[in-house]
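Structural overview
Spelled out from the first residue to the last, the chains are:
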Amino acid sequence: NAGVTQTPKFRILKIGQSMTLQCTQDMNHNYMYWYRQDPGMGLKLIYYSVGAGITDKGEVPNGYNVSRSTTEDFPLRLELAAPSQTSVYFCASTDPQGLFETQYFGPGTRLLVL
Amino acid sequence: QKEVEQNSGPLSVPEGAIASLNCTYSDRVSQSFFWYRQYSGKSPELIMSIYSNGDKEDGRFTAQLNKASQYVSLLIRDSQPSDSATYLCAVNLMNRDDKIIFGKGTRLHILP
């Protein structure tokens, strides 16, 4: 199993541009999450999903959108990039024990908005 | 009080000694508690999870939970240079719609 994969690894965006951060897991996990981590800070939950077709907001959803059309994929969309969205973004998934139980993280996407 | 609070460190511990990492949380009815390790530039990985008061041991790691004091800790025995990392405490807060909240993390540095 590849686990949780994320693309791209690194991206530079100009203010106002849009992009989609991709996340795929091959562990058949129902639960998936998007976090952002600013330097020296912990992880903040952006959005999460309990299964295909179901998404919900986390702590910091403003400026982001998600969709979950399949169990495997959970893309994160930035519509109008702002410097405040410069961060490292982690996707995670949870095994079937339950929501927010042991989370498996992807390698992260570093995003710089200039 | 912040929802999940950790001392940011850095915490410097000599090799072979016991490293003690602490975390306090605000929600008295929280049920699930996690410790993640994060190496610089890498993603977090789960070290321990604990759900009941008391100690839970796994190899060199021991998690301690005291719900009455709203306190969870992680002890690392026989500290090794490879233990140098940031340790994130995470709590499933029932008063936040059961969402998990991460602390800012404690940087641990093991001195050879």
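Below you will find a few notes about this structure. The shown structure was predicted, so the numbers you read here are calculated from the model rather than taken from an experiment.

Moving on to the sheet that holds strand 3 (residues 19–25) of chain B. Pairing in this open sheet of 5 strands is antiparallel, and the strands run 1-3-8-7-6 (chain B) from one edge to the other. Strands with a single pairing partner mark the edges of an open sheet, and in this sheet they are strand 1 (4–5) and strand 6 (54–58) of chain B.

It is worth spelling out the environment of K44 of chain A at this point. Residue and element names in this part refer to chain A. Along the chain, the position of K44 falls in strand 5 (residues 43–51). What makes K44 partly exposed here is its relative accessible area of 33%. A C-alpha to C-alpha distance of 9.6 Å links K44 and Y89, two positions 45 residues apart in sequence. Ignoring sequence-local partners within four residues, the contact set of K44 consists of W34, Y35, R36, E59 and V60.

Next up on the list: the sheet that holds strand 3 (residues 19–25) of chain A. All names here are of chain A. Pairing in this open sheet of 4 strands is antiparallel, and the strands run 1-3-8-7 from one edge to the other. Sheet topology places strand 1 (4–7) and strand 7 (64–66) at the edges, where each strand pairs with a single neighbour. Going from strand to strand, the sheet's axes swing by 20 degrees on average, the running direction of each strand aside. Bridge analysis of strand 7 against strand 8 (residues 76–78) gives 3 bridges, and the strand direction is antiparallel. Its bridge partner lying in strand 8, N65 is registered against R77.

When the parts of a complex come together, some accessible area is lost, and that lost area is often used as the size of the interface. Tallying the contact residues gives 21 residues for chain A and 20 residues for chain B. Taken together, the two surfaces of chain A and chain B that pack against each other cover about 1,600 Å², and 55% of this comes from carbon and sulfur. Run the count over chain A and chain B and you get 0 salt bridges. In this structure, the connection of chain A to chain B is made through 3 residue pairs in polar contact (both at pLDDT 80 or more).

With that out of the way, let us pick up the packing of aromatic side chains. Inspection of the entire model under this criterion finds 10 aromatic pairs over all chains. Aromatic side chains Y25 of chain B and F33 of chain B sit 4.9 Å apart centroid to centroid with 50 degrees between the ring planes, which places their arrangement in the tilted category. Residue class for Y25 of chain B comes out buried when judged on its relative accessible area of 0%. Judged by centre distance (6.3 Å) and plane angle (90 degrees), the ring pair of F34 of chain B and Y51 of chain B falls under edge-to-face. Of the two residues, F34 of chain B is situated in strand 4 (residues 32–38) and Y51 of chain B in the loop between strand 5 (45–50) and strand 6; the sequence distance between them amounts to 17 residues. One aromatic cluster is present, formed by Y33, Y35, F90 and F105 of chain A together with Y36 and F102 of chain B through successive ring pairs. Directly above the aromatic system of F74 of chain A lies the positively charged group of R68 of chain A, at a separation of 5.9 Å from the ring centroid.

All names here are of chain A. Taken as a whole, this structure holds 2 disulfides over all chains when the rule is applied. The disulfide that involves C23 links it to C91, with 1.8 Å between the sulfurs. Disulfide C23 to C91: torsion about the S-S bond roughly -70 degrees, handedness left-handed. Note that C23 is positioned in strand 3 and C91 in strand 9 (residues 87–94), a separation of 68 residues in sequence.

Criteria and cut-off values
- Residues numbered from 1 in each chain as written.
- Chains lettered and ligands numbered in written order.
- Predicted model: local features only at pLDDT ≥ 70, side-chain atom pairs only at ≥ 80, totals over all residues.
- Heavy atoms only, no water.
- Pairing = 2+ DSSP bridges.
- Helix = DSSP H or I, 4+ residues; strand = E, 2+ residues; numbered from the N terminus.
- Buried < 20%, exposed > 50% of the residue type's maximum accessible area, 1.4 Å probe, protein only.
- Contact = heavy atoms within 4.5 Å.
- Axes fitted to C-alpha atoms, helices over the stretch in contact; angles between N-to-C directions.
- Buried area = accessible area lost by both parts, 1.4 Å probe.
- Salt bridge = Lys/Arg side-chain N within 4 Å of Asp/Glu carboxyl O.
- Polar contact = N/O pair within 3.5 Å; in protein donor to acceptor, adjacent residues only side chain to side chain.
- Phe/Tyr/Trp six-rings, centres within 6.5 Å; stacked < 30°, edge-to-face > 60°.
- Lys NZ or Arg CZ within 6 Å of the ring centre and 35° of its normal.
- Disulfide = S-S within 2.5 Å.

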